[in-house]
Amino acid sequence: MALPMLPGNSLNKNLGKDKFHKSQHFDYSNGVPMMVGSGKPGIGGELLLGQKSQPNYSVFPNGEGSDTPSWVAFDKQVLSFNAFFQEAVPQKREEMYRVRKCKIYFYLEDDTIQVVEPELKNSGIPQGTLIRRHRIPLPPPDDECFYTVHDFNINQQMVLYSRTFMVTNCDPFTRNFLRKMGVRLNPPTSTPLDPYSNLRLEMEKSMKPLRPYERLDTLKQFLDHDRNVLRFYCHWDDSENMFGDPRELTLHYFLADDTIEIREVIYPNSGRDATPKFLHRSKLPKHAPNPKHQPGDITNRTVLNVFGPMGQGGRYILDSLKTGAVHEQFYKDSDLTLGGMVNVWGRRVIICDCDNFTKEFYRSKYGIEDFSPVQYKAPLAPKPPRPVPPYNGFGSEEDSLCSCQGLLPKPPQKDFRKLMEKDRQGLESNVLRFMGKMVTENPIDRDRLFIISFYLSDDTICVFEPPQRNTGVLAGKFLERGRVKKPGQELFKSEMSQYFSAQDLYVGAKINLNNQGFQLIDADEYAFNYMEQHAEEFPRANMGSIISKIRSIPEDKQNEIKQFLTLSDPGNTGLIPYEPFRGLLVGLECGLSEHEVMMLGRCFCERQQPEAEVGFMLAVAQDHLRKKHFESFSDMTRAFTHEDRHRTGHLSTKEARTICKAFQLPLAEDLLRALLKKFDVGSEEMDYHAFLAGINWRENPAPPVLPDDALKFNVDWSREARGPEVKSINYSVLLEDVFGSVSD
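Residues numbered from 1 in each chain as written. Predicted model: local features only at pLDDT ≥ 70, side-chain atom pairs only at ≥ 80, totals over all residues. Heavy atoms only, no water.

**As for the confidence of the model for the chain**
Phase 1: Per-residue confidence for the chain gives a mean pLDDT of 84, with 90% of residues at or over 70.
Phase 2: Least confident of the elements in the chain is helix α19 (residues 707–710), whose mean pLDDT is 60; most confident is strand β11 (residues 259–264), at 96.
Phase 3: Low pLDDT, under 50, characterises residues 714–724; the stretch is placed with 19 contacts to residues that sit more than four places away or in other chains. (pLDDT = per-residue confidence, 0-100. Helix = DSSP H or I, 4+ residues; strand = E, 2+ residues; numbered from the N terminus. Contact = heavy atoms within 4.5 Å.)

Okay, here's the thing in structure tokens:
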């Protein structure tokens, strides 16, 4: 009877196993099949013959230490050991062996080791990193294992790749770390002396004097004047040589080490190669050229051979008297002055000028105040005028001129700065508008009115004819916007034509626009205000020049003016109508134009602002709202009430205007501003209930407004309320300003 399949009753070793994986023992290395897994286990992880089990636990008991990985816990933590090794030197008689000091670094994060030997001056052997950082195996027969932190201690030997290192000491961090690990540290030992290194050290000491005879210290000068450079502008006249000419040079004097560098100023198309330097940076001798000295002739110290042969075994001493020393003088900063001559290896260079830093340096150090430059350049000859061919009639004159100024024609440049300054900005139009009539004998054209607009941004003129009833003339654009030439100029000429400017347009002026004469009879309020604000550009609007003209008239005419003003005001009110005042100035022929007379009237007039009727303004507003089918009055009432937090029935004018803009109230800006001002109750607040009730054409309709009556409520082109016309002149103030007295 067979035994039951229970543990202990069967000889089958696979009973109870659950792992049957096989390890990979064979693989290709450099294309050669070979066994690579000699240390790997057999089927299911069982050990083969001759293999020893590797413990999978640490030397530390479980539960000690943190769970942080080693590459995080020991990051940037390195154990440093001092060590040395002896190296045999069989090829030299002076030394039999050499003691080489090194550093052994053990990286705790991955158990890697690095061996570094400090570099020594003139050692003649390769030094630095002896063993690069990696894991180093133990010496045979334990070469399958690697060095760990437990293999390190001081005052013991370590074999790294068949080279024996003697560990002598370690740093404090390594000492504390090993003690915390429970390692009993050996007492440190000293590094033996290298006989050949001691011999070299004694030889170097014997070559240096115990007590130097003089002190050569240039460090203070370097620290005080580093990056401080004196710059001189020089001139070298080389015209005596064949193909020579005057040269311009720039001399740099470095205060840090008293060296001089010279660069040549080479202009474009001068025909000379752009060499980097005329003289390399070095000390410049004063007496040059001198015979060349052999190496060793010029030294800082003089050495005397006391006794003994030359070379090894000789005895030397420094000569404090410097017998036979060669002294050479070099240029210093005190030798460089304006107008002085510098000998640059046989070339006479004249110092003509210097920069501001150099002037300040000489002023503070040497007290020099005169830095007058030396004039070495001849005055430039005036450039001959470039002849310009006459205009050929194709394109504009500016475009034809640009095609003559280069091989590649370019478009004419516009005055971009003027365009940006004088372009329209908000309500500032920068457009001067005048009312004009035709200068003609035709009775039909004589009564036609034109609006002549002058754009200050590009000096262009546009003429528009407004519609008039029963004239039989079609209104509209009369002249396209553009620059207009002044009459009486030749067409085909070399000079540029003259165009109409803003100063040529004023009330009373007669202008000829493309062979059509116009006389300016009036201007808008914006044009008058702009001319008054820029009186320095418009002499016709300059009150100073106008009053000067009146003062310059003869005394009999002045008396006539005073007598006329007195007779025109029998009530002694100090006011006279404008028309008699204008007729007086025109009849005296005192050289005043119509524009200047109007400027006098505007300056000394008695202004009275007529008040517009609120009912008429509301009727005009309701007429606009009715035509636009605006009926959102209830929504506007709720919006005004919502903004009125205190329920006073008043809102600021700014908030009311914002609400009107939010509802897109179809009213002109000037009309809306005038209405809000009419309902002002003080403190910049308005009664919005009365305002909404006044414009509500559904509940409170106003009388209808005729088209002719709607035109009466007009605004000027500057979008401000039209000012009153000049009706009366305050002649008493005029006489006070012009003649200085009104006693007569």
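And the narrative resumes.
**Examining the sheet that holds strand β17 (residues 431–438)**
Phase 1: Judged by pairing direction, the sheet is antiparallel, and its six strands sit side by side in the order β20-β19-β18-β17-β22-β21 without closing on themselves. Sheet topology places β20 (476–482) and β21 (510–512) at the edges, where each strand pairs with a single neighbour. In this sheet, adjacent strand axes meet at a mean angle of 30 degrees when their direction is disregarded.
Phase 2: Two elements, β17 and strand β22 (residues 517–523), share five bridges in a ladder whose sense is antiparallel. From the neighbouring strand, K437 faces β22, where its bridge partner is Q519.
Phase 3: On top of the sheet, helix α9 (residues 525–533) reaches β17 and β22; it is set at about 120 degrees to β17, its chief contact. (Pairing = 2+ DSSP bridges. Axes fitted to C-alpha atoms, helices over the stretch in contact; angles between N-to-C directions.)

**A closer look at the sheet that holds strand β9 (residues 229–237)**
Phase 1: Across the sheet, six strands lie side by side as β12-β11-β10-β9-β16-β15; this open sheet has antiparallel pairing. The sheet is open, and its two edges are formed by β12 (279–282) and β15 (341–344), each paired on a single side. Put simply, the sheet's adjacent strands are angled 35 degrees from each other on average, direction ignored.
Phase 2: Two elements, β9 and strand β10 (residues 246–254), share nine bridges in a ladder whose sense is antiparallel. Following the sheet pairing, R231 is matched in β10 by H252.
Phase 3: Sheet strands touched by helix α5 (residues 356–365): β9 and β16 (347–354). Its angle to β9, the strand with the most contacts, is close to 110 degrees.

**Some words on a nonpolar patch on the surface**
Phase 1: Taken together, the side chains of L219, F222 and L223 make up a nonpolar region of the molecular surface, amounting to roughly 310 Å² of accessible area.
Phase 2: By secondary structure assignment, the location of L219 is in helix α4 (residues 219–225). (Patch = residues over 30% accessible without salt bridge, like charges linked within 9 Å, V, L, I, M, F, W, Y side chains within 5 Å. Areas by Shrake-Rupley, 256 points an atom, 1.4 Å probe, with all protein chains shown as cover. Salt bridge = Lys/Arg side-chain N within 4 Å of Asp/Glu carboxyl O.)

**Considering helix α17 (residues 669–678)**
Phase 1: Within α17, burial applies to E669, D670, L671, L672, L675 and L676.
Phase 2: Where α17 is buried, its residues touch α14 (614–627), α16 (653–662), β25 (680–682), β26 (685–687) and α18 (688–695). (Buried < 20%, exposed > 50% of the residue type's maximum accessible area, 1.4 Å probe, protein only.)

**Considering a negative patch on the surface**
Phase 1: Together, E643, E655, D680, E684 and E685 make up a negatively charged patch on the protein surface.
Phase 2: Among the structural elements, E643 can be located in helix α15 (residues 633–643).
Phase 3: Relative accessible area serves as the criterion here: at 33%, E643 is assigned to the partly exposed category. (Lys, Arg positive; Asp, Glu negative; His and termini not counted. Charge placed at Lys NZ, Arg CZ, Asp CG, Glu CD.)

**Examining the pattern of salt bridges**
Phase 1: Enumeration according to the criterion identifies 41 salt bridges in this entry.
Phase 2: Here R272 makes a salt bridge to D245, at a shortest N to O gap of 2.4 Å. Of this pair, R272 sits in the loop between β11 and β12 while D245 is found in the loop between β9 and β10, placing the two residues 27 residues apart along the sequence.
Phase 3: By relative accessible area, R272 is classed as partly exposed at 30%.
Phase 4: Taking the relative accessible area as the measure of exposure, D245 reaches 31% and is therefore partly exposed.
Phase 5: Of the charged contacts in the structure, one is a salt bridge between D504 and K486, with a shortest N-O distance of 3.2 Å.

**Thoughts on unusual backbone geometry**
Phase 1: A cis amide bond, omega 5 degrees, links P140 with the succeeding residue P141.
Phase 2: Within the secondary structure, P141 is located in the loop between β6 (128–134) and β7 (156–160).
Phase 3: Of note in the backbone geometry, D258 takes a positive phi value of approximately 60 degrees without being a glycine.
Phase 4: By the secondary structure assignment, D258 is in the loop between β10 and β11.

**Section: the packing of aromatic side chains**
Phase 1: For the structure shown, the criterion picks out 18 aromatic pairs.
Phase 2: Centre to centre, the rings of F640 and Y688 are 5.4 Å apart; their planes meet at 15 degrees, and the pair counts as stacked. Of this pair, F640 sits in helix α15 while Y688 sits in helix α18, and the two are 48 residues apart along the sequence.
Phase 3: You can call F640 buried: its relative accessible area is 0%.
Phase 4: Among the residues examined, Y688 registers a relative accessible area of 2% and is labelled buried.
Phase 5: One aromatic cluster is present, formed by F81, F106, Y147 and F152 through successive ring pairs. (Phe/Tyr/Trp six-rings, centres within 6.5 Å; stacked < 30°, edge-to-face > 60°.)

**Comments concerning the nonpolar core**
Phase 1: Counting residues in hydrophobic clusters, the biggest one holds 52 residues, and the most contacted among them are L432, L513 and L600.
Phase 2: Taken domain by domain, this core gets at least three of its residues from each of domain 3 (416–534) and domain 4 (543–608 + 732–739).
Phase 3: Filtering out sequence-adjacent residues up to four positions away, L513 remains in contact with I461, V463, L479, V484, F500 and F518. (Core = buried A, V, L, I, M, F, W, Y, C linked by side-chain atoms within 4.5 Å. Domains from an automatic or database assignment.)

**Focus: the pairing of β10**
Phase 1: Taken across its nine residues, β10 has eight buried, putting it largely inside the fold.
Phase 2: Hairpin connection of β10 to β11: four residues between the antiparallel strands, including D258 at a positive phi of 60 degrees.

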